[in-house]
Amino acid sequence: IGSGPVRGFATTLIIGVVISLFTAVTVTRSLLFFCTDSFAGDKPQWYGLNRNWFGEHLESDANTNPLQIVNNARKWFTITLVVLAAGIVCMGMGGLKMGVDFTGGYEAVYERTSGFPSAHDITASLAKNGVRGANVKFGTGANNVQLAYVTVPGAQMTGKNETQQADFLNQAAALPAGATPKSTSNVGPVIQKETTSNAIIGVIASFALIIIYLGFRFGLALGSFTNGLRFGVAAILAGAKDIVVIFGVAAAFGLMKGWELSALFITAMLTVIGFSVHDKIVIFDRVRENLRHPLTGETFENLMNRSVTQSFARSINTAAAVCAMLLILIVFGTTTPELSFFCVTMLAGIAWGTYSSIYTAAPVLNIWENWIKKHKGEQATLLATSLAEIAKNRVFRTGTVAPTPVATAPTPEGAPRTYGQVKRRASAVQ
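Per the secondary structure count, the protein chain includes 15 helices and 6 strands. Counting the 430 residues in the protein chain, one finds 40% classified as buried. For the protein chain, the proportion of contacts with a sequence separation of at least 24, taken over those separated by at least 6, is 74%. When the accessible surface of the protein chain is split by element, carbon and sulfur atoms take 64% of a total near 23,100 Å².

Right, here's the structure in full:
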C-alpha cells in the first residue's frame, strides 16, 4: 500500500531478509566448517569463545544467577515513562510537523553556494506575504551546495502554474540573490488522503497480522491459540509504546531541525515496529522453550528472568550491528533531510526497541500472567499449561500415567530411555 520509494525499500528489505535466512543456514555454516577444518582457522580463540565483551557470560550463569528483570519491573517502567513524557512534551511544543504527504501542499527546493537566512527569517517573511504555516529545513547537496526546503501546506499555491508558483514563493520568502529553485512538487488532496489512510491501515494491519501469527506459532507449542495470543498481545503492547517514543524523537528533531513527517517516516516506523517485535519474539521464543524444560520448583518470574538473560547477548549484538550501519549512513550517506530523518528514526527506534525487548516485554507478559492467575486460577497460567502438556506427551510416549513434571533435563548417558527417544551415537556425544 506504499508509494514508489516505499515499495522499493520494502521489496529490497524482503529480498534481503530471505537471502539472509538462506545464507545463514547454508552458506555461513559451510564457510565456518571450512575455516575450522583448515589449518588457517583452527584456533578457538579467533572465534571469541572465551570473550565476554557483550554479556556472553550471562548465558552460562542464567540458571543460577539470572538478571532480575521481572522483579525490578517498576524501575524499568519508570524509565519508560520518563522517556515517553519527554517525547510528549516535544510533541506538545509543536515539534511534530506534518509534511506535504499528509497535509497536501507545495514544496520547493532552493540551492545556493553561500547559504541562506535562518528558518525563522524565511518563515516570517512568508507569513508577512500571506503564506501561512510554512516550514523550512536545510540540507547539503553535491559540492557542498546549500539547500533550503520550503514547504507550504494546504492549497495556498493553487491557481498558479509551476513557473508562477516558484516566482511567487521566491519573492514571498525574500531569498537572497543566487538562490535558484532546484525542484518543485505538488501534493493534491487525493494523494494526501491516500497517504494518510495507508499509514493508518499499515500500522493496524501490521499489528493484527503479528498478533495472529504469534497466536498460531506459540499456540501450537503451548496447547491453544489463546495461550499463543498472550505472547502476541504482550509483544504488541510492549511495542506500542515504542511508537510513542519514535514520534517523540520525531518531534524533538522537528523542533531542532524542522524535519517533517513523510511517507518515508512511516516506512521507518513500520520497519522499527517489525524489528522491535522480532526482538521480543526471540526472547518470548526462549520463554517458550524454557516452559518445556522448567527447572525444579521454578516460578514463572524466574523462568522469564532466565530466558531474558539467555537472550541478552544476542539482542545486544543484533541491535549493535544494525545501529552501526545506520550511524554510517547518518554520517556519510544521507543527502536530504528526509533521508537523514529516516535513518535517525530507525536508529532511535531500534535502540529503544532493544531496551524495550529486554526490560519491559517480559514484565508486561508477567503482569498478564498474574492477572490470569488471580481471575482464572493457577491451572490457567502458561507454566501450569506447559507442565500439563509435558505430562500428556509423556503418557503418549510411555502409555502410563506419570505425575505432572516439575522439571525436565537431558537424559544422562546410561540411564534407561523412554520410547521415542533417539539414542545418540558415542561419537556425537563426544
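Here the narrative resumes, following the displayed structure.
On to the packing of aromatic side chains, then. Evaluated as defined, the whole model comprises 12 aromatic pairs. Measuring from centroid to centroid gives 5.2 Å for F253 and W259, while their planes differ by 5°, and the two rings are stacked. Overall, the relative accessible area of 21% leaves F253 in the partly exposed class. Grouping aromatic residues by their ring pairs yields a cluster made of F247, F253, W259, F265 and F341.

Okay, the side chain of T360 next. Tracing the backbone through its elements, the reader meets T360 in the loop between α12 (337-359) and α13 (361-376). For T360, a relative accessible area of 0% puts it in the buried group.

Helices that pack against each other are described as a pair by the angle of their axes relative to one another and the distance between those axes. Where helix α10 (residues 263-292) meets α12, the closest approach of the two axes is 9 Å, and the angle between their N-to-C directions is 20°. In terms of their interaxial angle, α10 and α12 are classed as roughly parallel. Remark: the crossing between α10 and α12 carries right-handed chirality. Here the residues of the contact of α10 with α12 sort into 12 nonpolar, 9 polar and 3 charged.

This part covers the pairing of strand β3 (residues 135-140). As paired strands, β3 and strand β4 (residues 146-153) are joined by 6 bridges and run antiparallel to one another. The partner of V136 across the bridge, within β4, is V150. Here β3 folds back onto β4 in antiparallel fashion, the turn holding 5 residues, of which N143 has a positive phi close to 60°.

The rules behind each value
All residue numbers refer to positions counted from 1 along the written sequence of the respective chain. Only residues with pLDDT of at least 70 get local features here, since the model is predicted, and only at 80 or more are side-chain atom pairs given and counted; chain-wide, interface and lining totals rely on the full set of residues. Heavy atoms from the whole structure form the basis of all side-chain values; hydrogens and water molecules are not counted. Secondary structure follows DSSP: runs of H or I at least 4 residues long count as helices, runs of E at least 2 residues long count as strands, and numbering of each begins at the N terminus. The buried label goes to any residue with under 20% of its type's maximum accessible area, the exposed label to any with over 50%, and the partly exposed label to all in between, with areas taken from a 1.4 Å probe on protein chains only. The contact criterion used throughout is that any non-hydrogen atoms of two residues lie within 4.5 Å. Per-residue accessibility takes into account occlusion by the displayed protein chains alone, with areas from the Shrake-Rupley method and a 1.4 Å probe. Each pair of aromatic rings taken from Phe, Tyr and Trp, with Trp reduced to its six-membered ring, is defined by centres within 6.5 Å and is described as stacked if the planes are under 30 degrees apart, edge-to-face if over 60, and tilted in the remaining cases. As a rule, the C-alpha atoms of each element are fitted with a line to give its axis, helices using only the stretch in contact, and angles between N-to-C directions run from 0 to 180 degrees. Any angle from 65 to 115 degrees is called roughly perpendicular, while one under 35 is roughly parallel, one over 145 is roughly antiparallel, and all others are oblique. Definitions for this section: a left-handed crossing has its near helix turned counterclockwise from the far helix by less than a right angle. A right-handed crossing has that turn clockwise. Asp, Glu, Lys and Arg are counted as charged, while Ala, Val, Leu, Ile, Met, Phe, Trp, Tyr, Cys and Pro are counted as nonpolar; the rest, among them Gly, fall into the polar class. Only when DSSP finds a minimum of two bridges between them are two strands counted as paired.

Such coordinate-based values are descriptive only and should not be taken to indicate function.
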